[in-house]
Amino acid sequence: MDGELSTEDTTDLIAQLKKQPDLQNDWNTYHLIGDTLRQSTNLSIDISQSISKKLATEPVILAPQVPKPLKHRMFAVAIAASVVVMVAGWLSLQSLHHPQAPTMIVDRSAIENMRQIIPVTNTISPHRYPLAPAEINDYIFVHGKFSPGTATHELTNYYMQPTTNLQDPYKR
Amino acid sequence: MIRAMQIMWLLLLPVVALSSFAQNFPDSSKEALNWLEKIAAAPRLYNYTGTFVYYADAHMETSHIVHIVDTHGEREKIEVLDGLTRVVIRNNDEMICYLPESKTIITEKRWLRKFFPDILPLPLVELNNNYYVKEGKQERVTGYNCQIIVLNPRDKLRYGHKLWVDIDTGMVLKVAVIDAEQVIEQFAFSQLTIGDEVGAELLEHDHAPIDKATEWHTHNLITSVLANETLGWQVKNPPSGFKKIIEMKRNLAGKSVLIDHIALSDGLATVSIFIEPMLNNTTPQLPGFYSSRGAINIYVRTLADKKITTVGEVPPETVKKIGDSVFKK
């Protein structure tokens, strides 16, 4: 998986992998785990079996099909790619223009949804994960006590809330 | 089946090994480590005034710094010049931060924080274990001849650093934090004067607006440093190279209870763990990863009725590993 295995071992292992479907399944699973951990956008999901099953149940169309010229297919692919890029760009802009509100979502179902959404936003957001809500800036600020380098920008968001929203629990 | 398991282990081993893969860098040279000692000493030896720029995620922020070392110890004032006004005044371990727009003052009596360019506050012993420190070429930064010092991480658990160090004084004039060849955060002086006498009046803050107004809020940050292993939490098998440097109880503005705070360091990067009860009257933080600006990553998880927030200038995987290494004693 990472080029660390010697050539002799690799040949032997690949031969065994080809013979044993269980091992192939494991191999695919580990690739999928690896991709997920690396937040890869190209998950190694083996969809060949499910597609084969689908195809088996599809009715066979016996009408002759004229193959489309390659040029047209390339054009279609280019258009599709452009649309994807534009949608991704638009979504990025949306996220930039509507930064995450400091209020939190309480609904438990929303938490579950959020977990599912996170990997999707990775591909369109300039950040790998959702931007920290404003209250986390307070943690970052006090963390900075031990952490050299960072300037004072973390303070801004939290302490720039309207003063009426600020409550000092230590005030007597 | 046993054979299959063996093969799977064989296949998995390189993956496991990669996660804790130590790149085969040699030991750091004595000359390179000497530079780090010079860097650590410089802020306690020289006065300086200057303007530095912070850049990350296409965001730039300029700050002005005045730093004085004299018989009173170390004092400095940093004023952020872009956007909303923020002024931090440090008098040895005391910190006062003024935020005029929200009429807020934040104070802390035991402020150990070091601001750029004072970036190496911890003993250097651990550094060589976790980073390969080497001398690069020489370059000019804001008129000063600098020696580049590169800190290559020995594994993927931490970010790399590149420091531009004034050859004469050891002052760090530029820092780049690097994740796999990509600069994710940068500090650099755009103007700097080192060594001249600096008038103490430059440290003063204009208190007139505060004196006139009554509606200013003051938040006193209070920490209580505890003896090791006093808190009811254990950091079990943290990622390689990270060691606990302090544990304490602290308050935070907006929190009605004291929070447990544990900090770990690998000699350069630090990670903080905050543990607090989840109160019924507050909105719960969603568990998972969060990004902040630059090199900071955040990981939130829950453990029984506690929320654990882990924050640090390390890759997300490392923040998670550290957050997940917290157990109740």
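From a predicted model like this one, the values you see are computed outputs, not experimental measurements.

### A short note on the overall build of chain B
Here comes step 1: Broken down by element type, chain B carries five helices and 21 strands.
Here comes step 2: Relative to its full complement of 329 residues, chain B shows a buried share of 53%.
Here comes step 3: For chain B, the share of sequence-separated contacts (at least 6 apart) that also reach a separation of at least 24 residues comes to 52%.
Here comes step 4: With an accessible surface of roughly 14700 Å², chain B has 53% of that area assigned to carbon and sulfur atoms.

### Thoughts on helix α5 (residues 316-324) of chain B
Residue and element names in this part refer to chain B.
Here comes step 1: Pro316, Thr318, Val319, Ile322 and Gly323 are the residues of α5 that are buried. Buried residues of α5, viewed axially, fall in a sector of 165°; they line one side.
Here comes step 2: Residues of α5 that are buried sit in contact with β16 (259-265), β17 (270-277), β18 (288-291), β19 (297-303), β20 (306-312) and β21 (326-328).

### Section: the confidence of the model for chain B
Residue and element names in this part refer to chain B.
Here comes step 1: Looking at chain B, pLDDT values average 85 and 84% of them are 70 or higher.
Here comes step 2: Here helix α1 (residues 2-19) is the element of chain B with the lowest mean pLDDT, 51, and strand β8 (residues 144-153) is the one with the highest, 97.
Here comes step 3: Note on residues 13-21: pLDDT under 50 across the span, and 11 contacts to partners over four residues away in sequence or across chains.
Here comes step 4: Taken together, the chains of this predicted complex give a pTM of 0.66 and an interface ipTM of 0.81.

### Topic: the sheet that holds strand β13 (residues 223-226) of chain B
Residue and element names in this part refer to chain B.
Here comes step 1: In spatial order, the strands read β13-β15-β16-β17-β20-β19-β18; together these seven strands make up an open sheet with antiparallel pairing. With partners counted over all chains shown, the strands left at the sheet margins are β13 and β18, one partner each. In this sheet, adjacent strand axes meet at a mean angle of 25° when their direction is disregarded.
Here comes step 2: Sheet topology note: the β13/strand β15 (residues 243-250) ladder contains four bridges and is antiparallel.

### Digging into the sheet that holds strand β1 (residues 48-56) of chain B
All names here are of chain B.
Here comes step 1: Strand order in the open sheet formed by 12 strands is β7-β8-β9-β10-β11-β1-β2-β3-β4-β5-β6-β12, and the pairing between neighbours is mixed. The strands lining the two open edges of the sheet, one partner per strand, are β7 (131-141) and β12 (217-221). Neighbour to neighbour, the strand axes of the sheet diverge by 15° on average, direction disregarded.
Here comes step 2: Direction of pairing for strand β4 (residues 86-91) relative to strand β5 (residues 94-99): antiparallel, over a ladder of five bridges. Within β5, the position partnered with valine 88 by the bridge is cysteine 97.

### Regarding the nonpolar core
All names here are of chain B.
Here comes step 1: Of all hydrophobic cores here, the largest spans 32 residues; its most connected members are Leu36, Ile149, Leu151, Leu163, Ile262 and Ile273.
Here comes step 2: The residue makeup of this core includes at least three contributed by each of domain 1 (19-212) and domain 2 (220-328).
Here comes step 3: Ignoring any residue separated from it by four or fewer positions in sequence, one finds isoleucine 262 in contact with Leu231, Trp233, Val235, Lys244, Ile246, Glu247, Val271, Ser272, Ile273 and Ile275.

### Things to note about the pairing of β18 of chain B
Residues and elements named next belong to chain B.
Here comes step 1: Pairing of β18 with β19 involves four bridges; the strand directions are antiparallel. Of the residues in β19, the one forming a bridge with glycine 288 is valine 300.
Here comes step 2: The hairpin formed by β18 and β19 contains five residues between the paired strands, and glycine 294 there has a positive phi angle of roughly 65°.

What counts, and where the lines are drawn
- Residues numbered from 1 in each chain as written.
- Chains lettered and ligands numbered in written order.
- Predicted model: local features only at pLDDT ≥ 70, side-chain atom pairs only at ≥ 80, totals over all residues.
- Heavy atoms only, no water.
- Helix = DSSP H or I, 4+ residues; strand = E, 2+ residues; numbered from the N terminus.
- Buried < 20%, exposed > 50% of the residue type's maximum accessible area, 1.4 Å probe, protein only.
- Contact = heavy atoms within 4.5 Å.
- Areas by Shrake-Rupley, 256 points an atom, 1.4 Å probe, with all protein chains shown as cover.
- Arc of directions from axis to C-beta.
- pLDDT = per-residue confidence, 0-100.
- Pairing = 2+ DSSP bridges.
- Axes fitted to C-alpha atoms, helices over the stretch in contact; angles between N-to-C directions.
- Core = buried A, V, L, I, M, F, W, Y, C linked by side-chain atoms within 4.5 Å.
- Domains from an automatic or database assignment.

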